[in-house]
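# Structural overview
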Amino acid sequence: MAYQCDLETGQRLYLENRGTQTVVRLTSGSDRQQQSQQSNFETGNWRSPPKVFRTATEIILRIDSAQKQSFLSLQAQRIGMLNTSPDLTDADVLPLQSTESIASSFKPIEPMKPMQMGDMQMQPMEMKMGTMHMKMGAPDAQSTHRFCAQCGESVRESDRFCSHCGTKLAD
Ligand SMILES: [Zn+2]
């Protein structure tokens, strides 16, 4: 789930839920000279698309997750999480558009810094070892291994006759 929102300042806001983190990316400038910054916030898994509000002084992002409701504040180039619920009575709601994931849409034109891999926690935790069906043979069986001279089947040291073809085994 990723959303973008064009701000009046010419900035574009991207929001994406990765695991329990909300990735906020703010870009500005033209395609050639694009500046971007990105912050991750621990918000939980989105329950619904985020809401973007514009107040007189700042942009407020509201994230509703299964765990809690979080507010992020955006002022100029600074993004931060608010500890208290802001007053949004006079705020405008800015439209959000769903978009490609931030990672995929930015990889080709991201010259700033390597992608942060620290928040990629999406691998499945489950690892199955497969059924333990391999017969390795016990170590002592290997040390006393013999083969029937007649048919080539493996026989035990203690066998006097090959269990496969019945040939008498040499001592
Ligand atoms: Zn044999």
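All values derive from a computational prediction rather than experimental measurement.

### Comments concerning the pairing of strand β2 (residues 12–18)
Burial analysis of β2 places five of its seven residues in the buried class, which makes it a mostly covered element. The pairing of strand β1 (residues 2–6) with β2 spans five bridges and is classified as antiparallel. Across the sheet, Gln4 pairs through a bridge with Tyr14, a residue of β2. Connecting β1 to the antiparallel partner β2 that follows it, the hairpin turn spans five residues, and Gly10 within it adopts a positive phi of roughly 90°. Looking at chain direction, β2 and strand β3 (residues 21–28) are connected through seven bridges and run antiparallel. Residue Leu13 lies in a different strand from β3, and its bridge partner there is Leu26. What sits between the antiparallel neighbours β2 and β3 is a turn of two residues, in which Gly19 has the positive phi angle 65°.

### Details of the sheet that holds strand β8 (residues 78–82)
Sheet architecture is open: five strands sit in the order β8-β7-β6-β5-β9, paired in antiparallel fashion. At either end of the open sheet lies a strand with only one pairing partner, and these are β8 and β9 (92–94). Averaged over neighbouring strand pairs, the angle between their axes works out to 30° when direction is ignored. When strand β5 (residues 51–54) meets β9, the two strands line up antiparallel, connected through three bridges. Counted as the bridge partner of Arg54 is Asp92 from β9.

### Brief notes about the pairing of strand β7 (residues 69–75)
Pairing between strand β6 (residues 59–64) and β7: six bridges, direction antiparallel. Paired with Asp64 across the strands is Gln69, a residue of β7. Once β6 ends, the chain turns through four residues before running back antiparallel as β7. The pairing of β7 with β8 spans five bridges and is classified as antiparallel.

### A word on the sheet that holds β2
Spatially, the five strands line up as an open sheet ordered β4-β3-β2-β1-β10, and their pairing is antiparallel. A single partner strand is all that each edge strand has here, and the edge strands are β4 (35–42) and β10 (97–98).

### Topic: the nonpolar core
Ranked by internal contacts, the top residues of the largest apolar core, which has 16 residues, are Leu15, Val24, Leu61 and Leu72. It is β6 that contributes the most residues to this core, four residues altogether. Excluding its chain neighbours within four sequence positions, the residues that come into contact with Val24 are Leu15, Gln38, Ser39, Phe41, Leu72 and Ile79.

### A closer look at the confidence of the model for the protein chain
Of the residues in the protein chain, 74% have a pLDDT of 70 or more, and the chain-wide mean is 79. A low-confidence stretch, residues 105–110 stays under pLDDT 50, and its non-local contacts, those more than four residues away or across chains, total three contacts. In the model, residues 130–142 has pLDDT below 50 throughout and makes one contact with residues more than four positions away in sequence or in other chains.

Thresholds, definitions, all that
- Residues numbered from 1 in each chain as written.
- Predicted model: local features only at pLDDT ≥ 70, side-chain atom pairs only at ≥ 80, totals over all residues.
- Buried ≥ 20, exposed ≤ 12 C-beta atoms within 10 Å, placed from the backbone.
- Helix = DSSP H or I, 4+ residues; strand = E, 2+ residues; numbered from the N terminus.
- Pairing = 2+ DSSP bridges.
- Axes fitted to C-alpha atoms, helices over the stretch in contact; angles between N-to-C directions.
- Core = buried A, V, L, I, M, F, W, Y, C linked by C-beta atoms within 7 Å.
- Contact = placed C-beta atoms within 7 Å.
- pLDDT = per-residue confidence, 0-100.

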